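Given next are the chains, with one letter for each unit.
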Amino acid sequence: MTLSRRDFLKLATLLSASAALNACAPALRRLTDDLPAVPWSPLSMADFTALNRITFGARVEERARLAEIGLANYIEEQLDYEAINDLTLDLQLSTFNTLTMSANEIEAVTNQLFDGYDRERPINELRQATFLRQLYSKRQLYEVMVDFWSDHFNIFIEKEPCFYLKTVDDRDVIRKHALGNFRDLVWASAHSPAMLTYLDNQANVKGTPNENYARELMELHTLGVEGGYSQNDVMQLARCLTGWSVKEHFWLGDFVFKQDQHEPGEKNVLGLAIQEAGQSEAEQVIEHLALHPSTAKFISTKLARRFIADEPPQEIIEKAAQTFLATKGDIKSVLRVILLEGLAFVQPKYKRPLNFVLSALRMLNVETDGVAMHDPLMQMGQMYFNWTTPDGYPDTSDAWQGNLMPRWQFAFELIRNELPKTKHNLNALLDVASTGSLHTDVDSLTSLLLGTPLDRLTRDGMIDTVHSAGATEEETLQIIAASLIASPAFQWR
Amino acid sequence: MLETLPMLQQIPTKTWMPRLSFAPKNTAPRGDTLVVVFLRGAADVLNMVVPHGEDAYYALRPTLGIARPDNGRKMKDERVVNLDGFFGFHPNMSSLLEAWQSGQLAIIHACGAPDESRSHFKAMELMERGVDDERGPASGWIGRHLATLNTGNSSPLRAVGMGTRPQRSLSGSVPVSALRSIADFHLGGDVRALQQMRAALSYVYQNDELGQDTLSIMDTLQKLDPLNYQSPITNYPDTEFGLALKQTAMLIKAEVGLEVSAIDLGGWDTHFTQGSLNGIMPNLMKDLGEGLAAFHADMADHMSKLTTVTMSEFGRRAYENGSLGTDHGHGSMMMVLGGNVDGGKVHGQWPGLEDGQLIGPGDLAVTTDYRDVLSEVLVKRLNNQATSDVFPEYRPVIRNIMK
């Protein structure tokens, strides 16, 4: 259950007014809280792992769906995300007004009272919405891709004026194109006021160009650092990008090309002679960069790293890159290669903090508004839009190991129900399968969290250890639940 | 039906961890505690330690340049703090003057790495791994130092990365822990619950080095009573950097076996209005200068066994850009603070800032490889002679920066 009583009433009214009740059936099922008869469908470890890559953590109903239709169909269903009904979530987010506003309107909100609350409101709403989407959206693969591109086109939200511009970037750049076309995505990002100000291009004017955005556009967004460009290409692209800026007065925060700040003359980027043509100079380069073979390889490698392994197999990268070029940057087609063919080569990946928190909450069917996760995620080092440099949060296992303490703290606080407005109901979850014995309850919990029960010796040893530390029967289950979340096994996806 | 897992501990643990195994080749007693401060984002070293004796500096930086020490038209705190007649501190680093004058601070200018990509991410990675290109070990140079030297110290706090994630330079076969705040390092709950949690964690992490290490640190730190630690020095900056230095001081004084502390000070990527006397870059210099000065004062009784090194992935372009910032450059600078440095001196060969002297698009040249400085610290202060393991395929030149 994710909705408050008020939301329930709102939804019920809406549903009764709707002629297409059947289309809303999944949302209704969730509201009535009826978990599938088999509490967590048995999946092979391969499918369980795959599901944990495609989603932010295998929820009970997703396990059931995957068991029902098989992995390939599940991937197709997730790729066709627009056909997935997400009404419950949409309703939950409908009170976050800034999500749908223009930059100018959001800026007005932040300026209303000149107090801290309004300054923080767009940031808070965006962070909370992102969390709720990742936690509750049924369009999980889409949300995983939104997260991927948010890293790839990272923007540090605290850099002025990104605190109000990032909301627009999130909606009109990342979310709009997350499963669309890469060329459109990089094009939109290049015209995004948040990106231009984050990487100082709003100050890139003729004379002595500011190279910051030009460099990261090639190094991080398209070709990759080994993609075959030179310092001279950076300087030439920076010249093309002079005058790409952001409106500062009426309709504050919109993109603007300032012709009077644009550097005249011919430019030459990556061997392309660019005739003097104002705004379209950089656009010609972006077209070239977006579908460059180095870009295809770079993007395919990063996607394979996210879904398959820290060191993904070369043949999958090659095939994904060819598909990227053949389809002119169609993200779904590239993903199909990586998921349908690549997941067979999956290697364990250490969960990033967000993934760790979300998977625990999703697997235990926790109810929360997400606010309580702010502090733990800060301590673990992965609060949304809080990475200062343009490379985005790291995506390899070694980057995240070595700070177990906040993860342990989170696990125990969660199970003790100490996180504000965050409730799990372990007993309700276990009741479906419980025989009343602690041993079977522990088995249920382990197969829920790790995909499969522990062997008998390990399980019994664990129970004995906690018992002999003085825990009662009920405490034992709690301590074990927390320890499973804190365990090495749960840190890996 | 369900497959069962053989053992909880056999679900991926260290076999999946990209750790490089070295058997310690050498045995030597513990040397200094090494503190490595990484200025992330490419610090503008030309404005930190200003070559005020060079006319080209003022020609290249009409707006950002800091006035000569003898410029009578400027207030005293708007001028370079002279060090040796040619170089001088930015006024926001004047707090380091005392360490300089006491001979415990050395500067190595025009220092850096050969990589010319001008990519933060590539340059940082190569520098933290201590290598020239993608080849070579994936572990970090500090990690390899710890792994190749047996000092008889098995403390879980042998190496600590201050922050939420351990620095790349620390990765290697020796367990390393990230420590954001000593005070946060506890599980919560009452004594009874704590015992139960500790027992359970100890069980699930029985075959996991990192988890065992974290548990030991938890136990060690609990005994330290961190909440009641009072530093005699109160002017640490109230920043993450100040906190990291203060906690390093606390761990050294508590004698918990700390050999290396890695600390980051980020935010130096100033393409836009970086500021000359006020602004982003000068604020960072203040944080750096005041932090190190407080640390130096706090650790006065420990200086004979302490070496602190600062580094940055590269420097910034010699000329300012059109938006009053600086773009990515090449040559950088290092500082070494300790009881055994040949201090009060700017080391290294100054390549100059004239047209024919700058390299690439207009950058300070590198005349001292950063590994020369680190190697000398390793050999002379940390008792590690195996610099060829720490910096594979590099032959350091000893520059006599350390006594």
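Residues numbered from 1 in each chain as written. Chains lettered and ligands numbered in written order. Predicted model: local features only at pLDDT ≥ 70, side-chain atom pairs only at ≥ 80, totals over all residues. Heavy atoms only, no water.

Trainee: Looking at this model, I keep getting lost on the packing of helix H24 (residues 456-468) of chain A against helix H25 (residues 473-486) of chain A. Mind explaining?
Mentor: To describe two helices that pack against each other, one gives the angle between their axes and the distance between the axes. All names here are of chain A. At their nearest, the axes of H24 and H25 sit 10 Å apart, and the two run at 120 degrees to each other. Regarding the angle of H24 to H25, the classification is oblique. The hand of the H24/H25 crossing is right-handed. Between H24 and H25, the contacting residues are Met462, Ile463, Val466 and His467 on the first element and Glu473, Thr476, Ile479, Ile480, Ser483 and Leu484 on the second. In terms of residue class, the contact of H24 with H25 is built from 6 nonpolar, 3 polar and 1 charged. (Axes fitted to C-alpha atoms, helices over the stretch in contact; angles between N-to-C directions. Helix = DSSP H or I, 4+ residues; strand = E, 2+ residues; numbered from the N terminus. Parallel < 35°, antiparallel > 145°, perpendicular 65-115°, else oblique. Left-handed = near helix turned anticlockwise from the far one by under 90°. Contact = heavy atoms within 4.5 Å. Nonpolar A, V, L, I, M, F, W, Y, C, P; charged D, E, K, R; others polar.)

Trainee: What exactly am I supposed to notice about the sheet that holds strand S3 (residues 49-51) of chain B here?
Mentor: Neighbouring strands of a sheet are bound in pairs by backbone hydrogen bonds; such pairs are parallel or else antiparallel. All names here are of chain B. Ordered in space as S3-S5-S4, the 3 strands form an open sheet in which the pairing is antiparallel. On the outer flanks of this sheet lie S3 and strand S4 (81-82), each paired with one strand and no other. Relative to strand S5 (residues 87-89), S4 runs antiparallel, the two sharing 2 bridges. Considered in S5, the bridge of Asn82 is made with Gly88. (Pairing = 2+ DSSP bridges.)

Trainee: Explanation requested: helix H21 (residues 405-415) of chain A in the structure shown.
Mentor: Every α-helical turn comprises 3.6 residues, leaving residues that sit three or four positions apart pointing alike. Residues and elements named next belong to chain A. By the criterion of burial, H21 is predominantly enclosed, with 10 of the 11 residues buried. Along H21, the residues classified as buried are Met405, Pro406, Arg407, Trp408, Gln409, Phe410, Ala411, Phe412, Leu414 and Ile415. One or two positions beyond H21, positive phi appears at Asn417, with a value near 55 degrees. (Buried < 20%, exposed > 50% of the residue type's maximum accessible area, 1.4 Å probe, protein only.)

Trainee: Is there a simple way to explain the interface of chain B and chain A in this structure?
Mentor: One frequently used descriptor of interface size is the decrease in accessible area upon assembly of the parts. Contacts between chain B and chain A engage 63 residues on the former and 68 residues on the latter. Both sides of the chain B and chain A interface together cover about 5,500 Å² of buried area, and 63% of this is carbon and sulfur. Counting across the interface, chain B meets chain A through 3 salt bridges. Residue Glu226 of chain A pairs with Lys122 of chain B through a salt bridge whose shortest N-O separation is 3.5 Å. Summed over the shared surface of chain B and chain A, the number is 23 residue pairs in polar contact (both at pLDDT 80 or more). (Buried area = accessible area lost by both parts, 1.4 Å probe. Salt bridge = Lys/Arg side-chain N within 4 Å of Asp/Glu carboxyl O. Polar contact = N/O pair within 3.5 Å; in protein donor to acceptor, adjacent residues only side chain to side chain.)

Trainee: So what exactly am I meant to see when it comes to the nonpolar core here?
Mentor: For soluble globular proteins, nonpolar side chains are generally found buried alongside one another. Judged by nonpolar contacts, the single largest core of 234 residues is most densely connected at Trp149 and Leu364 of chain A together with Leu288 of chain B. When near neighbours in sequence (up to four residues on either side) are disregarded, Leu364 of chain A contacts Leu414, Ile415, Leu426, Leu429, Leu445, Leu448, Leu449 and Ile485 of chain A. Formed by 35 residues, the second largest nonpolar core is a distinct cluster that contains Met124, Met127, Ala159 and Val176 of chain B. (Core = buried A, V, L, I, M, F, W, Y, C linked by side-chain atoms within 4.5 Å.)

Trainee: I'm lost on the side chain of Lys302 of chain A in this one. Help?
Mentor: Residue and element names in this part refer to chain A. Here Lys302 shows up in helix H16 (residues 293-307). One buried charge, Lys302, has no salt-bridge partner; the nearest side chain with opposite charge is Asp151, at 7.5 Å. Those residues in contact with Lys302, other than ones at most four positions away along the chain, are Phe148, His152 and Asp395. (Lys, Arg positive; Asp, Glu negative; His and termini not counted.)

Trainee: What is the right way to read the pattern of salt bridges from this model?
Mentor: Working definition: two side chains of opposite charge can pair if their charged atoms are close together. Considering all chains together, one arrives at 58 salt bridges over all chains under this definition. Among the ionic pairs, Glu263 of chain A bridges to Arg239 of chain A, the shortest N-O distance being 2.7 Å. Of this pair, Glu263 of chain A sits in the loop between strand S2 (255-257) and strand S3 (267-269) while Arg239 of chain A is found in helix H14 (residues 231-240), placing the two residues 24 residues apart along the sequence. Note on Glu263 of chain A: relative accessible area 12%, which makes it buried. In this structure, the salt-bridge partner of Arg180 of chain B is Glu240 of chain B, at a minimum N-O distance of 3.6 Å. Here Arg180 of chain B, found in the loop between strand S9 (177-179) and helix H6 (191-204), pairs with Glu240 of chain B, found in helix H8 (residues 240-253); they are 60 residues apart in sequence, far enough to count as distant. On the basis of relative accessibility, which here comes to 29%, the residue Arg180 of chain B falls in the partly exposed class. One continuous salt-bridge network, built from bridges that share partners, spans Asp147, Asp151, Arg306, Asp310, Lys349, Arg352 and Asp395 of chain A.

Trainee: It is not clear to me how the side chain of Arg144 of chain B should be interpreted in this structure. Could you clarify?
Mentor: Residue and element names in this part refer to chain B. Tracing the chain through its elements places Arg144 in helix H5 (residues 141-148). Asp389 is the oppositely charged side chain nearest to the buried, salt-bridge-free Arg144, at an N-O distance of 7.6 Å. Among the polar contacts made by the side chain of Arg144, one reaches the main-chain carbonyl oxygen of Arg129 at a distance of 2.5 Å. At 2.6 Å, the side chain of Arg144 forms a polar contact with the backbone oxygen of Val390.

Trainee: Would you mind going over unusual backbone geometry with me for this structure?
Mentor: Negative phi characterises most residues that are not glycine, and trans characterises most peptide bonds. Omega for the peptide link from Glu160 of chain A to Pro161 of chain A comes to -10 degrees, which places this bond in the cis form. The phi angle at Arg118 of chain B is positive, at roughly 60 degrees, despite the residue not being glycine. Relative to the helices and strands, Arg118 of chain B resides in the loop between strand S6 (105-112) and helix H4 (120-129). One non-glycine residue, Thr273 of chain B, adopts positive backbone phi at about 35 degrees. Within the secondary structure layout, Thr273 of chain B lies in the loop between strand S10 (260-266) and helix H9 (280-298).

Trainee: Help me understand the packing of aromatic side chains in this model?
Mentor: In this description, a pair of aromatic rings is defined by centroid distance and the angle of the planes. Residue and element names in this part refer to chain A. Per the counting criterion, the structure on display carries 21 aromatic pairs over all chains. Plain terms: the ring middles of Trp149 and Phe153 are 6.1 Å apart, the flat faces sit at 35 degrees to each other, and that makes the pair tilted. Trp149 sits in the buried class, given a relative accessible area of 1%. Between Trp387 and Tyr393, the ring centres sit 5.1 Å apart and the planes meet at 50 degrees, which makes this aromatic pair tilted. A relative accessible area of 16% means that Trp387 is categorised as buried. Cation over ring: Arg407 sits above Phe356, and NZ or CZ is 5.2 Å from the ring centre. (Phe/Tyr/Trp six-rings, centres within 6.5 Å; stacked < 30°, edge-to-face > 60°. Lys NZ or Arg CZ within 6 Å of the ring centre and 35° of its normal.)

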